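What the coordinates show
So you can see what is in the structure, the chains are spelled out below.
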Amino acid sequence: MSRGGADDGLIDIEEHLATVLAATPTLDAVDVPLAAALGRTLSEDVRAAVDIPVFDNSAMDGFAVLFDDVAGASPESPARLRVVADLPAGTALDPVLAPSEAARIMTGSPVPSDATAIVPFEDTAGGLADSLGDITVIAGPARSGAHIRRRGEDAVVGDVVLPAGILLGALQVAAAAAAGVDRLTVGRMPRVAIVSTGSELVAPGAPLERGQIPESNSELLAGLVAGTGAEVVLRASVSDEGDGPREAITAAEALGADLVVFTGGVSAGAYEPVKNTLGDRMAFSRVRMQPGKPQGFGRTTSGILLFGLPGNPVSAAVSFEVFVRPALLRMQGRRDLRRPVLRLSAATAWRTPPGRAQYLPVTIDRSDPAAWRAVPATSGGSHLAGGLGRAEAYAVVPAEVSRVDAGDPVDVMLIT
Ligand SMILES: Nc1nc2c(c(=O)[nH]1)N[C@H]1C(S)=C(S)[C@@H](COP(=O)(O)OP(=O)(O)OC[C@H]3O[C@@H](n4cnc5c(N)ncnc54)[C@H](O)[C@@H]3O)O[C@H]1N2
Ligand code: MOO
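Residues numbered from 1 in each chain as written. Chains lettered and ligands numbered in written order. Predicted model: local features only at pLDDT ≥ 70, side-chain atom pairs only at ≥ 80, totals over all residues. Heavy atoms only, no water.

1. Observations regarding helix H5 (residues 244-254)
All of the buried residues along H5 are Gly244, Pro245, Ala248, Ile249 and Ala252. With its buried residues spanning 140° around the axis, H5 presents them on a single face. Exposed and facing more than 90 degrees away from the buried side of H5 are Glu247, Thr250 and Ala254. Tucked inside the fold, the buried residues of H5 contact strand S12 (191-197), strand S15 (231-238), strand S16 (259-263), helix H6 (273-277) and strand S20 (305-309). (Buried < 20%, exposed > 50% of the residue type's maximum accessible area, 1.4 Å probe, protein only. Helix = DSSP H or I, 4+ residues; strand = E, 2+ residues; numbered from the N terminus. Arc of directions from axis to C-beta. Contact = heavy atoms within 4.5 Å.)

Rendered as structure tokens:
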């Protein structure tokens, strides 16, 4: 569908993404130990198997006391107590405390059932140095319960500590561990084949004959794929002649691939291997974006998703962000498929392509923490593969915006 009645044959980004996602299955879930869960997508809610905290415990190194014994204690009016027990972390002891008795206690140790407050060492005359006989409290705790961390105040058994569909980062895996959970159900890693096309491509670092360039898209895509939690099972480079793309699909199928990403060979030239050999399996569209206008997408009869991204390096990077990444996340069961977007002001003016949404590689000027600014990393050309290396985000400018002036608010999609 064309926007605003413009009859330019381009389809909207959302329309192409909807086509992609409609064809994208959620893969099976697998059960993994915590150590293997980092970077994966959680498939089922995680419920606490133990309370957090597990038991009432001390927040301070000091003494477990009866609040009434020490309330209002001061240097002028100290409270004297007798230490009847010593409670290191891990102890199972639960000593009885009679009036005027205390237990020395360490941070994290279980608070005796009789105790109603903790007095830190700093609030006693003798401190740690004189802590196992009689002690003198010179500052009473502010309230009953002071410095006691209560059982279950964070979560109780059965509470959902992590909801299905989220990315498991270090914080989330640690929360599962704290909740007494040792295995997590996560989306299976999608298996991805990456296929570069182009007779001009040679390995990076190889001597270049006239007309040849270093192949860089497979490095780009392997990194981007890994960043989604998927695994690369095949990297291949095929020439512009012959049946390379079809052979690559056969090889990918043999490796159990769920998705094949081609770059190059999808536009309007005489040698377009993806377009010319895979027309029976993929549809080729022109999407209202720059870079990333030519897009191929389809599916094999066995259900492997096929993406034909444009070969220009920035086009390939942006196309991956906008179409392939959401598909790979959906396969793993991720609920939120979007990157975080900040609205920042443009540091300089820049040109935008008429009638196409722009994804401009940018850096973020953080020199004023209250006013971050988007700084173009390139002039916007889809071939500027070196400048792409400076980028940490894309400024996303809608198709109907004809220019960006310095100070204009722009949406900035974070990609790191
Ligand atoms: N007559 C038209 N020509 C072009 C159109 C159009 O609409 N009409 N669209 C342009 C746009 S927009 C793009 S984007 C490109 C897309 O072209 P292809 O996807 O067919 O890609 P190639 O022609 O194979 O390569 C484009 C460019 O990228 C370099 N490249 C390709 N693969 C790699 C790789 N793996 N590593 C590094 N660089 C790579 C290649 O050498 C070319 O310079 O088409 C426009 N043309
Ligand atoms: O759309 Mo192409 O990807 O402009 O350069």
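Right, picking up where we left off after that structure.
2. A closer look at the UniProt feature "domain: MoaB/Mog" (unreviewed entry) in the protein
Residues given the UniProt feature "domain: MoaB/Mog" (unreviewed entry) here are residues 193-330. In the segment residues 193-330, helix accounts for 33% and strand for 29%; the C-alpha atoms at its two ends are 17 Å apart. (UniProt positions renumbered as here; feature names shortened; annotations may be inferred.)

3. Considering the site of ligand 1
Taken together, 23 residues form the shell around ligand 1, and within it Glu200, Glu215, Ser267, Glu272 and Gly311 come nearest. Between an oxygen atom of ligand 1 and a side-chain N or O atom of Ser267, the distance comes to 2.9 Å. Interatomic distance of 2.9 Å between a backbone N/O atom of Gly311 and an oxygen atom of ligand 1. If ligand 1 stood free it would expose 880 Å²; the protein chains cover 69% of that surface. At the level of elements, S12, strand S14 (213-214) and helix H7 (313-332) are the ones that each hand at least two residues to the shell around ligand 1. When its residues are assigned to classes, the shell around ligand 1 shows eight nonpolar, eleven polar and four charged. (Near = heavy atom within 4 Å. Polar contact = N/O pair within 3.5 Å; in protein donor to acceptor, adjacent residues only side chain to side chain. Areas by Shrake-Rupley, 256 points an atom, 1.4 Å probe, with all protein chains shown as cover. Nonpolar A, V, L, I, M, F, W, Y, C, P; charged D, E, K, R; others polar.)

4. Examining the domain arrangement of the protein
Per the domain assignment, the segments of the protein are domain 1 (16-29 + 188-331), domain 2 (31-49 + 158-186), domain 3 (57-149) and domain 4 (341-414). Taking only C-alpha atoms, the centre of domain 1 and the centre of domain 2 are 32 Å apart. With six residues of domain 1 at the interface, the matching set in domain 2 holds five residues. Of the roughly 370 Å² buried between domain 1 and domain 2, counting both surfaces, carbon and sulfur atoms make up 52%. It is Ala29, Arg188 and Met189 that lose the most area in domain 1 upon contact with domain 2, and together they represent 74% of the buried surface on that side. Summed over the shared surface of domain 1 and domain 2, the result is zero salt bridges. (Domains from an automatic or database assignment. Buried area = accessible area lost by both parts, 1.4 Å probe. Salt bridge = Lys/Arg side-chain N within 4 Å of Asp/Glu carboxyl O.)

5. A word on the packing of helix H4 (residues 217-227) against H7
At a minimum axis distance of 10 Å, the contact between H4 and H7 shows a crossing angle of 25°. With respect to their mutual orientation, H4 and H7 come out roughly parallel. Considering only the axes of H4 and H7, their crossing is right-handed. Counting all contacts with H4, which are made through Asn217, Leu220, Leu221, Leu224 and Val225, the residues of H7 involved are Pro313, Ala316, Ala317, Phe320, Glu321 and Leu328. Its residues assigned to classes, the contact of H4 with H7 comprises nine nonpolar, one polar and one charged. (Axes fitted to C-alpha atoms, helices over the stretch in contact; angles between N-to-C directions. Parallel < 35°, antiparallel > 145°, perpendicular 65-115°, else oblique. Left-handed = near helix turned anticlockwise from the far one by under 90°.)

6. Description of the pattern of salt bridges
One pass over the full model with this rule turns up 17 salt bridges. Two residues, Arg188 and Asp258, come together in a salt bridge whose shortest N-O distance is 2.9 Å. Pair noted here: Arg188 is in the loop between strand S11 (183-187) and S12 and Asp258 is in the loop between H5 and S16, with a separation of 70 residues, a long-range link. Looking at Asp258, the relative accessible area reads 11%, which means it is buried. Arg246 is the salt-bridge partner of Asp280, the closest N and O atoms lying 3.2 Å from each other.

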